Every structure is written in C-alpha cells, then in structure tokens.
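# Remarks on the overall topology
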Amino acid sequence: MSEATTAKHPRSFLERHHHLLRRLHSLTGIVPIGVFLISHLLTNGSVVWGLLDSRKAEYGHAGVATFQHEVDFIHSIPFLFFIELSLWGAIAFHSILGFYYAKTGITNTGSYSFGGNWRYRLQRITGYIGILFIVYHVGTLRWNWTFLTPGGTAWSAEFAGSTMAQILRGSPSELTVAGVAVTAGYLLGVTSLVFHFANGLWTAAITWGLTISQAAQRRWGYACAGLGAGLMVMGWAAVIGFATLDPAEAKATEQKFRLKEQREAEKIGEVIDRERNRVSAIDAPR
Amino acid sequence: MSQHRVIVVGGGLAGLSASVRIAEAGLPVDLFSLVPVKRSHSVCAQGGINACNDVARQQGYSEYEHFDETVYGGDFLADQHPVLEMAMWAPKIIDLLDRMGVPFNRTAEGRRDLRLFGGSLFKRTHFAGATTGQQLLYALDEQTRRFESEGKVTKYEFWEFLGPIVEDGRCVGIVAQDMRTMQIRSFRADAVVMATGGNGLVFGKSTNSVICTGAALARCFRAGAWYGNPEMIQVHPTAIPGADKLRLMSESARGEGGRVWVPRKKGDTRDPKSIPEAERYYFLEERYPKYGNIVPRDIATREIFDICVNEGMGVDGKNQVYLDLTHKDPDYLTRKLEGILDIYEKFVGDDPRFTPMRIFPAVHYSMGGLWTQFVKGSYNPAEPRKKHASGTPAPIDWKVGQGMLHGAPTNMMTNIEGLYAFGEVNFAYHGANRLGANALLSCLFDGLFCGLSVANYVRDGKPGKTPASGMAAQAFDAAAAKEADRMNRLLGTVGKGGDASVNPYAIGKELGDEMTAACTVVRSGPRLAQCLSKVTELRDRYSRAVLSDDASWTNQSFSYSRAVGDMLIAAEAMVKAADLRKESRGAHYRTDFPTRDDSQFMKSTVAKHDPATGAVSVELQEIDHALILPEARTYGKKS
Amino acid sequence: MSTATKLDPAAAQRAANRKSAKAGRTVIFRVKRCEGPGKPSRWEEFKVPVPPGANVISCLQHIAANPVTTQGARTTPVVWDSGCLEEVCGACTMVINGRVRQSCSALIDDYAPQEGDVMVLEPMSKFPVVRDLWVDRSRLFHNLQRVKAWVPIDGTYDLGSGPIESPASQGTRYKLSECMSCGCCLEACPQFNLEEDKAAWDTSFIGAHAISQARLFNEHATGAILKDERLDALMGQGGINDCGNAQNCVKVCPKHIPLTESIAAMGRAVTIHGIKKFFRGE
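Residue numbering note: each chain is counted from 1, following its sequence as written. For naming, the first written chain is A and the first written ligand is 1, with later ones following in the order written. Totals for whole chains, interfaces and linings use all residues, but because this is a predicted model, local features are given only for residues with pLDDT of at least 70 and pairs of side-chain atoms are given and counted only at 80 or more. Side-chain numbers come from the whole structure's heavy atoms, not from hydrogens or water.

Let us now look at the overall build of chain B. Across its full length, chain B holds 17 helices and 21 strands. For the radius of gyration, the atom set is restricted to C-alpha positions; the globular benchmark scales as 2.2 Å times the number of residues to the power 0.38. For 639 residues, the compact-globule estimate of 2.2 N^0.38 gives 26 Å, and the C-alpha radius of gyration of chain B, at 24 Å, lies within 12% of that figure. Residue burial is assigned from relative accessible area. The probe radius is 1.4 Å, only protein chains are included, and a residue is buried under 20% of its type maximum, exposed over 50%, and partly exposed in between. Sorting the 639 residues of chain B into buried and exposed places 67% on the buried side. Should any heavy atoms of two residues lie within 4.5 Å, those residues are considered in contact. Sequence separation of 24 or more characterises 74% of the internal contacts of chain B that already satisfy a separation of 6 or more. Per-residue and other accessible areas follow the Shrake-Rupley method at a 1.4 Å probe size, with only the shown protein chains counted as cover for residues. Taken as a whole, chain B presents about 19700 Å² of accessible surface, with 52% of it coming from carbon and sulfur. Helical segments are the DSSP runs of H or I of at least four residues, strand segments are the runs of E of at least two, and each set is numbered from the N terminus.

Laid out in structure tokens, this is it:
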C-alpha cells in the first residue's frame, strides 16, 4: 500500500538548505570552535606547563607568569573583537542547530547498550552541558556577571591567574564550598567539551566520508581518542592548576611580572625620550 | 488510461514478473499478496536457476539438452512443448536478471559463474551465493516498486485472495479480504493471474513458508478450475528437522561437492569426523556411480528414506543421515554457500564447515497445480526423437516460438477463461519431479513469456469488447456477500465450547501428520484409502469447527482456520489422484505398483470439484509427448 | 560468517545457556498485546512447554493453538507476522527480551534455559502496531522508493546480458543485497522514530537500510544512471545527514550487512555531490 505520499507543501528554509546547514554544523564544530578549543586549553594549561619555563621563575610562580604572558599576547591581537564575534557566531550556530538536531532523536541505551550508542547519547548530553558551561564561563569572565561568581569576584585580564584562582577557590584565601562547586563545574564543563569535540571529530570523518571501512573508522577513533585524552589532560591541568593556586602568591607574581613589563616599557620609553630629546636638541635653532 | 485492469494474485517471482511484464504492456495491474511482496516464499529458494550459457554450450550442452533433462527428470509426465519453450528462453531470462542487477556469482573474468546441480552432467546453474531466490525476488521486487512509483502497479499487501469471480465461464475479478481491517470486497479485472505458489502446509511441517497453505489454489479449484497432477509432491532429500518447520538445505550443497553418508555399522555412535573413510557408506555414490550425490531429488529422497526406514541405518538410529562438506575448503564454502551454512549453524548450533550436517527429507514443492493449456509452437517433428545423448549436438537451435506460440492468449490459462496460473501453482513443466534450480526458471518464464498472453487476451479476447469494468455490479456484490457469510458463520462459532476435535489448529495438525505419513515418499493403495477416510473424517469435524477469536480486526487465527477448510479439499484431490495413479513415476512411488506404466498412466491426473455436491473426482488426461520418446529413468543405477 | 572466533558477550551467554538448557521445562512468555491501533496495550503471560530445538515461533504456534493464560483465563490467540522461518524473509521481527531480532531464529534454549525462565515479547516500537506483535512496516518500503532502489532497465526485452562485473564488486553488492527489509536497523536506531503521519515520511529519517540500498544501486553500472537522483534524495531533510552515528544498525543487523560502511560511503558521495552542485550553481 503506498499512496504517493509526496504531498507538496512549501519547504521551509531549514528544509531547503538541509544539507548545507547540516554540513556547516559539522564544520563549525571543527573550525573555528574545535581549533579555538585546542588553543584555549593550551593557553590555560600554561598555568601548569609554564612551570617548565625557568626564565619565568624570577617572577615567583612561573606558571602564573607564563599564563599572564599568554593572556597579554591574546589581548594584543588586532581586531580581537571581530575574531571573538565570529567565534560567538559559530558557537551560537552550532549549538542552536545542535539543539534542534538533537531533538530529532530518542536515545535508547537502555536496550542497546553498545559503545557507539553511549557515545551518541553522551554527544548530546555533553552538548547541553557544554553550552551551559560556555555561557557561564564567558558570562562570568568576560561580561562580568559577578553575581554568578563566589564572593562576586571579577576576573581581570591583568591579573588573569590570581582572579581565576580566586573564582575557582571561592575566596581570596582558603577553598570554600562554593569554590568546590565552581571547580567541579569547570571540570565537568571542560570534560564535556573535550569529549564532544573528540567524538564529533570522529563522527565528522564518517559524515564527510573520510573514513569508510570499519578498520579506518576504528583507526581514526584511536586518533580522536588520543587527541581527546591530550586535551583532557590539558583542561584538567588548567582547572586543577588554578584551583590549587594561592591567589595571594599568584597576585604577587603578576604584580612582579606587570612591574617588570612596565619597567621594560618604561625603559623603552626612556630610550625613546632620550633619543627624541637628542634629536630635538640637534634640530633646535641655534 | 486503459479501461482494462489485470489482477495478479501472489507477489513471488511468478507474480512479480507477471506484474512487470503486463504493466510494461500498458495494462494497469492490481497486485494482491498475503505479505509484503518482498517476503514471498520465493525468497527461500537457495541453489540457483538453470539455463544454458555460452560456456556450457561450447562444452556440448544446449538448450535442447536442458529441455531433455527436464522432461526426463519429470519422468515424462510434463507436456513437452511448454518445457521446450522454457528451456529455450532460459538464457534470455538470465540476461534480463543480470541487467536488473542480480549479483550473480562471477568468474575471474567477471562473467556469470556456473555450478553443478541435480539431474545434469553439465554445469548449467547460475547462482547468487546460496540465496539465489532471494536475490531474484529482490530484483523483481525492485522493478515492481519502480512501476508502483509510476502508478502502473497498485499493491494490495496483506490482502487474502478468497476466490475468483466467474461470470458466464469467464473470470472477471476476485474477492479478497484485507487481513488488517477484515474488510471483504470484490475487485474487477479482465484477467486474473494466479501466482500463489505451493501448498506445503497441507503436510504440516515442510520447507515452505507459513503462508504456503495452497488455499488460493483450492479456492480456484472449488470455483471450477481443474487441479492437475495433485499427487505430485516433491520431497526434498536434504532438510534440517525443526520444531516449527523443516528448513531446506539446498541441493547446491551437493552440487558444490557435499557427500551423503551413514556409518556402515548400524548404531555406530562415534563422532562422524573420527569414522574412517572405509567405514562410511556413501550410498548415493555407490548406488549411482554416474550421478552420485546429484541424482534427482525424488531418487535421493527415496534412497535416504530407504537407508533410515527400511535398513535402519540412520545416524544414531534416528531418521537422519550425514550431508558432509567438511572435506572442502572452508573459505570456498563461505564464498559459495554462506547463506545456507549460516542457516544450519543458527538453527542447529554446529558449523557445517567443520561438522557434517544431519539432514532428512522434507516436503518441498508441488509439481501439481492448476491445470493449464498452451498453444504448440513451430517445432513438430514427424516422430518423437529418442532421448538426447548428453553432450551431443542438439537437433534444433536456440529460437523463440518452437515450443509455444508466443503471445497466444491461452498459454497457461486454466480451464476458466481469463484465469491464468503462473509459477508453482501452475502444473506445467515439471511433470512427476522437478529438477533442482528449475523452479525459479518456471516462475520467471511464466511471468515473462505468458504475461504477453494475458495482455493479448485482455485486448483481443472477450474483455476487449466487454471489459469487466462495464459489467453489472450484481455478480460482484453477490460473490463478496457469499464470502462475508462464510466468515460470519465461522466467527459465529467462537465461544461455542467444543473440544480439541473441533479446534482448527488440531485439525490442521492431524491433516499434516496423516498426509506426511501416507502421501509423501512411499505410498500404497491401502494406506491411501485409510488416508482418504481420515481426510473425510477431518472434513466432517471441520464442518463443526469452533474458533477461538471473533475479533473484527486482524483476525489471524480466523484466516488460518478458513484456510484449513480449503486445505482439506486440496488434500482430498491429492489422495484421490495418488490412488488413481497405479504406477510409480517420479516423486510418486507406490509399493504396490513399483514400476512405471506408460501405456496406462503417461497421462495427467486432473481433479475436478463439483460445486453443487462438493464432490472431488479425478480423471486421466492425455499429455503432449510429441517430442521425446519415453525411456526408463534410471540415472545409471547399479542393480 | 561466524566461525566462532570472536563472540560478543551476549552471544557467549546464549551459547552457555544452550549448553545448560534443561529438558522438559516450561517457560513463561510475557507478551505485550494490543487489540489494534489506538487501543491500549496490556501484558499477558503464557506457560509453554519447551521441546528441544523450540524457538519463539514454535512457542507462539503453541499459544495460538491453546490460547490460555498462566492464570487459566481463555484469551485470543496472539497475532504475529511470520513467513519463511529461516531468517531470510524478515517478517517475524519483534523485540525479544528488549532487543530486536527475528523470532524464528530466537531459540528458547539460548534465552530461557531453566524451568520458569521468562521470555518477553513486544512488537517493534518504531512502526505502528496492527495487532499484538504485528506492526505495519510500509514506511520501510516507502523509503526504498525515496532512493529509487532499482536499476532503470529499458524493459524486459531481450537486450543481451548485463555489465561485466568483477568478483570483488559482486561480493560487495551481494552482501548489501542480502538486506531483507526486516527493520532491525530502524528499530535500534535512535534517529528513526515512530511516524504515523504518512505526509511526514518523506522528511523523516530514511534509515540505514535505504542508505545502504542507495549504495547498492549506485555501485551497479546501470543502476548508477540514477546516482544523482539518489544522492539528491539523501541530501534532503530526513536523509543521510540525519544519521547520528550511534551505529546500532550494524550491531543488530541479522545479515551482518556493513551498514555503517554504506553510510560513510554515501556520506562521501553526498559530500562530493554537494560540492559539485555548489560549483555548478544548482
């Protein structure tokens, strides 16, 4: 029995551009979001891997100094606002469509507890958690939603490490209950996003048709798992690194680093001034 | 838009190929099937499909030899001209299937591979793994879906055929019932093609699907269609015994080298792999040195039956023998036979690549079916020729129209004008025994060759002048009303108490047990008489049947219960015909008449049903044997 | 191909059960029943004696002949769909103990080896129930129309043989062509869900089976004539992009068809097709 069911109805925007939107959804997850995630976790992880940089030890905590250096570098990038804007656009696009697409499925890991099926389910759950985390993370750190941070701490780009530590610990000194909650939230958020990215990278290769045979899918799976594990280490290192930091010590390091930077800047300024004076002295009418 | 319509009943290979062919000829087709057509019983055919091809031809084989083998294999009971035409068409049919995308196994060069099959000394069987029927059915299913998407074929799936509507001796439609809504209604048609397959369920457990009750045939029979050679039932030598059905183990297992044996010592309980060669009795190879394990089915079946029942040499003292493939390379087996080996492993638990299979014969195919006519083709030698010597040049070349006149409206039309029978439900081609891998061929041949006959009949015959669409509604309404009455009478019995003796399931089971015991491998006059009285008793009990479900929605048990009544009538025809045929021929073996008697019985049995009295009578009818002289069918047996 | 080299845990459990199965035992069948579309479901239990080699079908046949519940109440015979009983027609698919499979190949010894063990039978949940365990799978077949799953031949005339094909290509196509439209892949798929509105079928997820069939016909020399049309269908809403890569399909396929490879292969084809269309300005 098959009466032709091709009832003609006006096709919505989503329907007409279904393929393009689906593929853009997949693409944006990798570029720019995934690429940004990698660089962001590398930056934040510097609070731990920065300890390896002995040249920074003179400021006190080498990790904090390295991190501050990285943050300063990012803030020096020209047109940062536009980069941020496009990233925001990509995240909004990816998550709104993601919500809509996730709505089309009904999970069934209860009956079919295969690994792949769990990954399918986790991909959706981590998507939800991830976007909540991103909004919180950016809201509190970038848009100053201090009503959502313990003790109303505001993050500052000049004192990146110490303010971050203060937020994750819940107070400028000891670790508080609120601090533990925020730290746990960060761990969950970071874990979710890393899983979401690594698994998304694995499925994208199927979606785009890069890995066809089961062997190829398995191999690429190992690669994605490896990348995920690396990012996971970086992300956890950052969160735990900040959460275990003494904000006072961090602040001291930052001040020292800032002072040195200033001094260097002043030094350069002095040279310039001197030169300018010299030149003006030469040029001055006798 | 044509004012004509054609109904095809049955969506297996015959029904689908007929639908495609008739739709292609420009006539809209209404296709009725008990199941989604892709699930039809053709899907179970495993081994392959026979046809001469260029390789076989250059080795000395020919279409003519294929024809000769089929007639000889059928023990000279089939009308010979239609068989000739079928064999001539076979290579074209393979080509067509190939074009449809059937994944036939390939040679290194990429051409279609061939395998050996029963009844031939040449490799002439085309195959797609060990699921050839499935692959062929799917190809036709796909083509039908294409026509369906173009609106040229309308499918009525889950509809049950209840009977033809016959007006003035002409079939003008059918009555059918939607098995979900239980709605009964009549459908008009200018021609009706029955392609409803076999009737294994009459024998209870068989290799057939659960839908193969044969009820559709019986319903035509009750409406006056003749039933040809009803006693000719093929019992396949190799099947897996099971609680719900007997699963086929394809002849291709033997074609690919499988050997049938039992331990030489009665009651030898050793692991089969540990029994040395010398202590194994390869009885088919020893008794038939020329054909060995690939003797035709009726012969292999009787020999296995003989070994187990008469000699008591069955494995573990049971009715089972070994079918052994373990001497073959497992990878080769996987490539050629995976489908059937998986079935064995799934249902028995042993891997046949490493453990010999235990098998026993099972009811498999009905050579008999609705009696049909044909118009002879152009090849009419003055005298019938002697049996063709294998491998010698053929007396006639490959050409269309030598056996049957292509497009003649009466080709494969039953005695009721406008009612055709295609495929297994057609009694033509296979005589007293069907050769392996000829069934798929006959289904497709009927659909593709005789589809044109249907179209020509509709255009040029009576429907051309008076289409069914213009006839008065009264006959159609009356036919539907009669079936509704039958349903209501049966449903009215629900809750009327009654013991097991009037339970339709019990009646069906007893029928199956009795028919299997009396009317399969070995038959005799006294046993058949006993069987007939049992069938009569069951018919009487059936008239008082009490059903268990009166639902007016998707009432499956009602549907089965109704079919049991029709199966009983078909069974009566089978038993009576088996009794009338006092000789042994092909699948029909009588202990009281163990030899073939051409002078009296080289004739079709034709069963007729008197609608007025409900009586079933059987008579003999001359056959067309103008092409080959009969000779003893020994397959080189050593005496 | 199951040379018993690597068994998954469930299969190993079934094999162990088969070995320990008690002879002459009785098994309880819990059957989810429903009188028809729109009617409520209910559970009924039947005690069924289990002879050696019994499967779900033979037990359902027993229930059909003796429709009496465990409580001794007379009921109607259970309705279910079946055909070949050798796992090639696909008809008897249902949910057995929570997993979808064919009931003919579900041996009781594998699932319920001890006296009083319970077998739970439910209809497939992704298709509308007709009655009891019987569902209407017409959407599955409709989806084959969406991808034009056929070779567009010029009729049944005598036009010679088909294209030459390598044994390797035949092997690939044969495997894909074994799909019996049973619907296991759809039942287990989180992206394929019940849709009773026929008008929505063309925009709901098409399913692994249809994607794999599109690949089957795109791989055939003549079938490939409709390649672009198939890819267009797969690009649309409810097409291949709606696949969520849970990969349950390949795990539950009784014919071991490499469905996820088909999905990836068609994913690649659709990628290329989309790019070509973009640059052609279509």
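A separate point is the sheet that holds strand β13 (residues 247–248) of chain B. Residues and elements named next belong to chain B. A sheet is described by the order of its strands in space; here six strands give the open sequence β13-β12-β17-β16-β14-β15, paired in antiparallel fashion. Sheet topology places β13 and β15 (280–281) at the edges, where each strand pairs with a single neighbour. Where strand β14 (residues 259–263) lies against strand β16 (residues 321–324), three bridges are found, and the strand directions are antiparallel. Looking at β16, one finds that W261 is bridged to Y322. Along the sheet, helix α9 (residues 297–310) contacts β12 (233–240), β14, β15, β16 and β17 (357–366); its crossing angle with β12, the most-contacted strand, is approximately 60 degrees. Being paired, for any two strands, means DSSP has found at least two bridges between them. Interaxial angles span 0 to 180 degrees and are taken between N-to-C directions of axes, which are lines fitted to C-alpha atoms, for helices over the stretch in contact.

Let us now look at the domain arrangement of chain B. All names here are of chain B. Structurally, chain B comprises domain 1 (1–232 + 367–632) and domain 2 (236–362). The partner domain 2 presents 29 residues to the 31 residues of domain 1 that form the contact. By definition, the buried area sums, over both parts, the 1.4 Å-probe accessible area that each loses when the two are put together. Both faces considered, domain 1 and domain 2 share a buried interface measuring about 2300 Å² in area, 59% of it formed by carbon and sulfur atoms. The largest per-residue losses of area from domain 1 upon contact with domain 2 belong to Q46, K205 and T207, which jointly make up 24% of the total buried on that side. Where each domain begins and ends is defined by an automated method or by a domain database.

Let us look at the nonpolar core. Side chains of nonpolar character tend, in soluble globular proteins, to be buried together. Side-chain atoms within 4.5 Å link the members of a nonpolar core, which is a set of buried Ala, Val, Leu, Ile, Met, Phe, Trp, Tyr and Cys residues. Within the largest apolar cluster, 108 residues are counted, with the highest numbers of intra-cluster contacts made by I49, L97 and F422 of chain B. The element best represented in this core is helix α11 (residues 439–460) of chain B, accounting for 12 residues. With residues up to four places along the chain from it excluded, the contact list for F422 of chain B reads A14, A18, V193, M194, A195, M412, D446, G447, C450, G451 and V454 of chain B. By size, the runner-up hydrophobic cluster in this structure holds 84 residues, among which are W261, M313 and I396 of chain B together with A112 of chain C.

Across the interface, helix α5 (residues 132–149) of chain B lies against helix α4 (residues 138–146) of chain C with an axial gap of 10 Å and an inter-helix angle of 80 degrees. As far as their axial angle goes, α4 of chain C and α5 of chain B are roughly perpendicular. Together, R145, E148 and S149 of chain B of α5 of chain B and F141, L144 and Q145 of chain C of α4 of chain C make up the contact between the two elements. Should an angle lie under 35 degrees it is considered roughly parallel, over 145 roughly antiparallel, and from 65 to 115 roughly perpendicular; all remaining angles are considered oblique.

What follows concerns the sheet that holds strand β21 (residues 616–622) of chain B. Residues and elements named next belong to chain B. Overall, antiparallel pairing links the four strands, which are arranged β18-β11-β20-β21 in an open sheet. The sheet terminates laterally at β18 (369–370) and β21, the two strands that pair on one side only. Summarising the sheet, strand β11 (residues 227–228) and β18 pair through two bridges and their orientation is antiparallel. Looking across to β18, one finds that Y227 is bridged to L370. With respect to the sheet, helix α6 (residues 215–222) is in contact with β11, β18, β20 (603–609) and β21, its orientation differing from that of β20 by roughly 75 degrees. Packing against the sheet, helix α16 (residues 556–580) makes contact with β11, β20 and β21, and its axis sits at approximately 50 degrees to β21.

The subject of this paragraph is the packing of helix α15 (residues 525–542) of chain B against α16 of chain B. Residue and element names in this part refer to chain B. Two numbers describe how α15 lies on α16: the axes approach to 10 Å, and their chain directions differ by 160 degrees. The angle between the axes of α15 and α16 places the two elements in the roughly antiparallel class. Crossing of α15 against α16: the hand is left-handed. Of the residues in α16, those in contact with G525, L528, C531, L532, V535, L538, R539 and Y542 of α15 are S561, R562, V564, G565, L568, I569, A571, E572, V575, K576, A578 and D579. Helix crossings are classified by the rotation of the near helix relative to the far one: an anticlockwise turn of less than a right angle makes the crossing left-handed, while a clockwise turn makes it right-handed.

Below, the discussion takes up the confidence of the model for chain A. Taken as a whole, chain A shows an average pLDDT of 92; of its residues, 96% reach a score of 70 or greater. Think of pLDDT as the predictor's per-residue confidence, scored from 0 to 100. pLDDT under 50 marks residues 1–7 of chain A. Its contacts with residues more than four places away, or in other chains, come to 14 contacts.

Aromatic rings considered in pairs are described by the distance between their centres and by the relative angle of their planes. For Phe, Tyr and Trp, where Trp contributes only its six-membered ring, two rings pair if their centres lie within 6.5 Å, and the inter-plane angle classes them as stacked under 30 degrees, edge-to-face over 60, or tilted in between. For the structure on display, the rule yields 38 aromatic pairs over all chains. Ring centres of W145 of chain A and F147 of chain A lie 6.2 Å apart, and the angle between their planes is 25 degrees; on these two criteria the pair is classed as stacked. Consider the rings of W89 of chain B and F445 of chain B, whose centres lie 6.3 Å apart with planes at 65 degrees: the pair is edge-to-face. Within this pair, whereas W89 of chain B is found in helix α4 (residues 80–99), its partner F445 of chain B is found in helix α11, the two being separated by 356 residues in sequence. Residues W89 of chain B and F445 of chain B agree in their burial class; the two are buried. Among the aromatic residues, ring-to-ring pairing joins W88, W143, W145 and F147 of chain A into one connected group. Criterion for a charge above a ring: Lys NZ or Arg CZ within 6 Å of the ring centre, and within 35 degrees of the ring normal. Positioned over the ring face of W208 of chain A is R23 of chain A, at 4.9 Å from the centre of the ring.

Residues F79, F81, F82 and L85 of chain A make up a contiguous nonpolar surface patch of roughly 500 Å² in combined accessible area. With respect to the helices, strands and loops of the structure, F81 of chain A is situated in helix α4 (residues 80–102). Each patch is built from residues that are more than 30% exposed by relative accessible area and take part in no salt bridge. Like charges join if they lie within 9 Å; nonpolar side chains (Val, Leu, Ile, Met, Phe, Trp, Tyr) join within 5 Å. For salt bridges, the criterion is a side-chain nitrogen of Lys or Arg within 4 Å of an Asp or Glu carboxyl oxygen.

Here the focus is unusual backbone geometry. The phi angle of most residues is negative, glycine excepted, and most peptide bonds adopt the trans form. Cis geometry marks the peptide bond from V31 of chain A to P32 of chain A; its omega dihedral reads 5 degrees. Structurally, the position occupied by P32 of chain A is in helix α2 (residues 18–49). Notably, Y429 of chain B is not glycine yet its phi reads approximately 80 degrees, a positive angle. By the element assignment, Y429 of chain B lies in the loop between β19 (419–421) and α11. You can call Y429 of chain B buried: its relative accessible area is 1%. Residues other than glycine seldom take positive phi values, yet L85 of chain C does so here, at roughly 60 degrees. Secondary-structure assignment places L85 of chain C in the loop between α2 (56–65) and β3 (93–96).

Turning to the pattern of salt bridges, a few remarks are in order. Counted under the stated rule, the structure contains 88 salt bridges over all chains. One salt bridge in this structure joins E251 of chain B and R297 of chain B, with 2.5 Å as the shortest N-O distance. Of this pair, E251 of chain B sits in the loop between β13 and α7 (252–255) while R297 of chain B sits in helix α9, placing them 46 residues apart in sequence. In this structure, R42 of chain C and E35 of chain C form a salt bridge, with 3.0 Å as the shortest nitrogen-oxygen distance. On the basis of relative accessibility, which here comes to 31%, the residue E35 of chain C falls in the partly exposed class. The network of salt bridges with shared partners includes D75, E231, D298, R302, R581, E583, R585, R596, D598 and R633 of chain B.

We now examine the interface of chain B and chain C. Contact with chain B, which involves 74 residues of that partner, is made by 77 residues of chain C. When chain B packs against chain C, close to 6200 Å² is buried across both sides, 52% of that on carbon and sulfur atoms. Counting across the interface, chain B meets chain C through five salt bridges. Linking D549 of chain B and R131 of chain C is a salt bridge whose minimum nitrogen-to-oxygen distance equals 2.9 Å. Polar contact is the term for a pair of N or O atoms within 3.5 Å; when the atoms are in protein, one must be able to donate a hydrogen and the other to accept it, and sequence-neighboring residues count only if both atoms are side-chain atoms. If you look at where chain B meets chain C, you find 32 residue pairs in polar contact (both at pLDDT 80 or more). At the level of secondary structure, the elements contributing two or more residues to the side of chain B that touches chain C comprise α1 (13–24), α4, α5, β13, α10 (330–348) and α16 of chain B. When residues of the side of chain B that touches chain C are assigned to their parent elements, the largest contribution, nine residues, is made by α5 of chain B. Per-class residue counts for the side of chain B that touches chain C are 27 nonpolar, 21 polar and 26 charged. When residues are sorted by character, Ala, Val, Leu, Ile, Met, Phe, Trp, Tyr, Cys and Pro go into the nonpolar class, Asp, Glu, Lys and Arg into the charged class, and all the rest, Gly among them, into the polar class.

Before going further, it helps to examine helix α7 (residues 177–207) of chain A. Helices are assigned an expected span. That span is 1.5 Å times one less than the residue count. Compared with the 45 Å implied by 1.5 Å per residue over 31 residues, the 44 Å span of α7 of chain A between its first and last C-alpha is a close match. Just past α7 of chain A, the residue G209 of chain A takes up positive phi, approximately 85 degrees.

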